[in-house]
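Okay, here's what each chain looks like letter by letter:
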Amino acid sequence: MTAAPFPAQTAPDPRALEVLSRVWGYGAFRGVQAQIVQTVTDGGHALVLMPTGGGKSLCYQVPSLLREGTGVVVSPLIALMKDQVDTLRQLGVRAAFLNSTLSLEGVREVEQALLAGELDLLYVAPERLLLPRTLDLLERAPVALFAIDEAHCVSQWGHDFRPEYGQLHVLPQRFPQIPRLALTATADERTRADMLRVLDLHGAPQFVSSFDRPNIQYRVANKEGPKTQLLDFIRAEHGAGQPGGDAGIVYCLSRKSVEETARWLQSQGIDAVAYHAGLSPRERTLAQERFLNEEGLIVVATVAFGMGIDKPNVRFVAHLDLPKSMEGYYQETGRAGRDGLPSTAWMVYGLADVVNVRRMLSQSDAPEEVKRVEAGKLDALLTYCEAATCRRQVLLAYFGEELPGPCGNCDLCLNPPRVHDATREAQMALSAVIRTGNRFGAAHLTDVLLGRETEKVLAMNHHTLPTFGVGRDHDERFWRGILRQLTSLGYLNAGEHHGLSATGRARPLLKGEVVFQVREDSLLPRERVRRREARPPRSPIGPTDQPLFEALRQWRLGKAREQGVPPYVIFNDATLKVIAELRPSSLTTLGTVSGVGQRKLADYGDEVVQVVRDHLNGVPPTAPQERGAAANRAVLDLLGAGKAAPVAGGPSRPHPGPLLGDAPAAPTETVAEALREVRRTLAAESGVSAFLVFPNATLDLLAQRQPRSLDELTGLPGLGPKRTAAYGERIVQAVREVLGQ
Ligand code: ADP
Ligand code: ZN
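Conventions used here
- Residues numbered from 1 in each chain as written.
- Chains lettered and ligands numbered in written order.
- Predicted model: local features only at pLDDT ≥ 70, side-chain atom pairs only at ≥ 80, totals over all residues.
- Heavy atoms only, no water.
- Near = heavy atom within 4 Å.
- Polar contact = N/O pair within 3.5 Å; in protein donor to acceptor, adjacent residues only side chain to side chain.
- Areas by Shrake-Rupley, 256 points an atom, 1.4 Å probe, with all protein chains shown as cover.
- Nonpolar A, V, L, I, M, F, W, Y, C, P; charged D, E, K, R; others polar.
- Donors = N, O, S within 2.8 Å, 3.2 Å for Na, K, Ca; no water.
- Tetrahedral: all angles 85-135°; square planar, octahedral: opposite > 155°, others 65-115°.
- Buried < 20%, exposed > 50% of the residue type's maximum accessible area, 1.4 Å probe, protein only.
- Phe/Tyr/Trp six-rings, centres within 6.5 Å; stacked < 30°, edge-to-face > 60°.
- Helix = DSSP H or I, 4+ residues; strand = E, 2+ residues; numbered from the N terminus.
- pLDDT = per-residue confidence, 0-100.
- Contact = heavy atoms within 4.5 Å.

Caption draft 1: Broad picture of the site of ligand 1. Y26, A28, G53, S57 and R338 are the nearest of the 15 residues found near ligand 1. In this structure, G53 approaches ligand 1 through a main-chain N or O atom, which is 2.6 Å from an oxygen atom. Between ligand 1 and G54, the relevant distance is 3.4 Å, taken from an oxygen atom to a main-chain nitrogen or oxygen of the residue. Within the complex, the protein chains bury 83% of what would otherwise be the 560 Å² of accessible surface of ligand 1. For the shell around ligand 1, a count of residues per class yields five nonpolar, seven polar and three charged.

Caption draft 2: Geometry of the coordination of the zinc ion (ligand 2). Looking at the metal site, the zinc ion (ligand 2) is ligated by C390 (SG), C407 (SG), C410 (SG) and C413 (SG), spaced 2.3 to 2.4 Å from it. Here the zinc ion (ligand 2) binds four donor atoms, and the angle range of 102 to 119 degrees at the metal identifies the geometry as tetrahedral. Judged by its relative accessible area of 4%, C390 falls in the buried class.

Caption draft 3: Focus on the packing of aromatic side chains. Summed over all chains, the structure comprises 15 aromatic pairs. Centre to centre, the rings of Y218 and Y329 are 6.3 Å apart; their planes meet at 45 degrees, and the pair counts as tilted. Placement of the pair is Y218 in strand β8 (residues 216–222) and Y329 in helix α14 (residues 326–333), with a sequence separation of 111 residues. Exposure class is identical for Y218 and Y329. Each is buried. Arranged with centres 5.0 Å apart and planes meeting at 55 degrees, the rings of Y329 and Y384 form a pair that is tilted.

Caption draft 4: Focus on the confidence of the model for the protein. Summary statistics for the protein give a mean pLDDT of 85 and a share of 88% for residues scoring 70 or more. Here residues 524–537 is a poorly scored stretch, pLDDT under 50, and it has 28 contacts once near neighbours within four places are set aside; other chains count. Predicted confidence is poor over residues 625–663, with pLDDT under 50, and the contacts of this stretch with residues over four places away or in other chains come to 51 contacts.

Caption draft 5: Structural detail: the environment of R284. Its location among the elements puts R284 in helix α13 (residues 281–293). Spatially, the C-alpha atoms of R284 and F305 are 9.0 Å apart, while their sequence positions differ by 21 residues. Those residues within four positions of R284 in sequence are excluded, and the remaining contacts are Y275, H276, A277 and L279.

Okay, structure coming up:
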């Protein structure tokens, strides 16, 4: 991608840096952020094209704090607004939203706060913004800027088109003087032109960032038993099924395979949930909320899942089926690692997938031109899958960006495959296709190449062909690999009943005018491939710091539950990682950590330092004391101390202390013993082994946390909804008995 047409870097405004450090606890702007903040703070308009996780939010949030009045953010995703507002409130920023989920009373309160100049940021759904009442209100209120998030929704070309976005031209018409900032992660030319037109941004600077996501490791493997491959991958590299396992998304093409895969993962003791458009809205919301609020949940989904999933610590995205295009692949894998920590984009595909998608495409009723465009997109994706050199280079090249050298963080860079000349074998395979009449599938073609006298071969008289048996030097797997690559690369076409036929591209290959290179890895037996596969560290954190990181995550989960927000709203993983490594023993040191701003230091500093201290002293982390904390909150509310403080220098909230009556915890070993007893009974009753009721790791966690209500059990690794429903009451009862309640 080309550099932004913008003057050379200027030194960041000290006022902006001060806000960045005081409110967010960040030491520096990333890339073009500083220039965007400067432009908008100075009253200019701008267009921002930045990949997911690039840091678009700060581009309008910082200027909103620096400029007079409220920053108004237009966002299409109502489900996300509460999350964004919660995140800002945690930072001490005065934020609110206006959308259809508010009561009339709620709307009035927000409107009054806006008119009184008491809001730093206001998130508005586009349909709400367009109401005459809202537009009139905004004319009377001090507005610092308009940020149009997901601005590509103005474009009819994209799949995210929103008619209300198309009407946002009221903004330049009615508020010409107020800065407009359009932000998106979709960068194609037609969409860009639409954004400029609808929002009247002609002549405004355009800030275009690189679309590379260096923390994502791209991997593609040959499909050979996809479920087992997936299980191996998530167990070995993402701690699936263990406490502290990673959150991830598994994409499948059909609803049926989504459900099957989710069920199968569950049967393997992995906390997984299905998501697709065929579920009821309630079920979908529930799955989405669990994904946001729990730590290690895996969502198995169709592409219906993901738009607006802002969870920053999705550690992997797995594809069990081919995406439709490179755009789709980039967008779906882009949901991994928004927080910048190491993450994996993992995919398996095989000949059957290639044949299927090609056939679906050729049989669709779409107009010829659309089909041609889609076929081209699919070809690009298949070329990516079959790449023999750095995948990231191929990916970025598709989006018009050139990476100067191999990335060092994809499967092909980490384990360079041997490439070898298979022109002769490719010719054999093509000739088998042509001589059998361009209509047989891979299985039969393989039989012909291997010289197998099957019933079908004999019936068709194919044992008399000159190609019969010419491929005996290789095995079945090899030939299926060759046929897949020939199909992926467009030498063969897949027609009805999976029949393969030679295309125009085949002729020069048959004549020996082009060389056919294959990657050896995809043709190697499975065991050998496996040993050569990339094995990055499972966790973004080193083994020595892992236990403290885990203790901090547990503390965070407790806090999040207490306040009814997702854990990452309290602190994100990147911040917890630095804390675990730095082990701060004082508030001063903790305050230097990126992501610890003034407000969070005041609210959580003492507790975090205590978690670090306890860990260093070998004290096991204690369970979140929900009931006690809730009581504390009630008392604090009565005292009027729970209200959000103003951004700067406000009084910090007093910490809930033991004075206010936390229930005492019991020794871990006593609780563990009681739980083992319950597990034995439950196992006997349901006729399964004890570890199937819940594994030892879960038992240890339960003993530490000592949950006293079903609520406190939710989301505990190793206890999915089914187990909680089946055993939850008995577990809670056992804990309460030990605690004498
Ligand atoms: P986007 O909206 O572009 O997908 P976000 O605004 O959500 O990205 O930012 C992604 C993550 O990067 C967030 O966790 C955010 O806090 C973090 N981040 C953004 N800018 C900075 C910065 N200058 N320093 C440190 N972290 C940052
Ligand atoms: Zn690479």
